[in-house]
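# Structural overview
So you can see what is in the structure, the chains are spelled out below.
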Amino acid sequence: MSKPVLEKIHFVNEEIISIENYFDAYYLCRDIDPKDTSFIALTIELDATFWTRDDVLKRGLAVKGFERFFDENDLT
């Protein structure tokens, strides 16, 4: 039997994000959607990929050179 979804979620304290990565994320997000700054900062901090279905955000970030997105279509 598989684990419940909540047991698979890892919560991360924003305090682990360096100021440099937070500012980098802010400059990437500020004119697209500043509410996504923390998510992008964490993605940069963890050297991870970002999973979103927000096409406006993805296009805007890609124009600025950020292309570290998880593509759920690759799962099929």
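Refer to the preceding data block for the structure.
Residues numbered from 1 in each chain as written. Predicted model: local features only at pLDDT ≥ 70, side-chain atom pairs only at ≥ 80, totals over all residues. Heavy atoms only, no water.

Applying the stated rule across the entire model yields three salt bridges. Between D47 and R68 there is a salt bridge, with the nearest N and O atoms lying 3.6 Å from each other. You can see D47 sitting in the loop between α2 (37-45) and α3 (55-63) and its partner R68 sitting in the segment after α3, a full 21 residues away along the chain. Residue R53 pairs with E72 through a salt bridge whose shortest N-O separation is 2.9 Å. With R53 in the loop between α2 and α3 and E72 in the segment after α3, this pair connects stretches of sequence that are 19 residues apart. Here R53 falls in the exposed class, since its relative accessible area comes to 66%. Looking at E72, the relative accessible area reads 24%, which means it is partly exposed. (Salt bridge = Lys/Arg side-chain N within 4 Å of Asp/Glu carboxyl O. Helix = DSSP H or I, 4+ residues; strand = E, 2+ residues; numbered from the N terminus. Buried < 20%, exposed > 50% of the residue type's maximum accessible area, 1.4 Å probe, protein only.)

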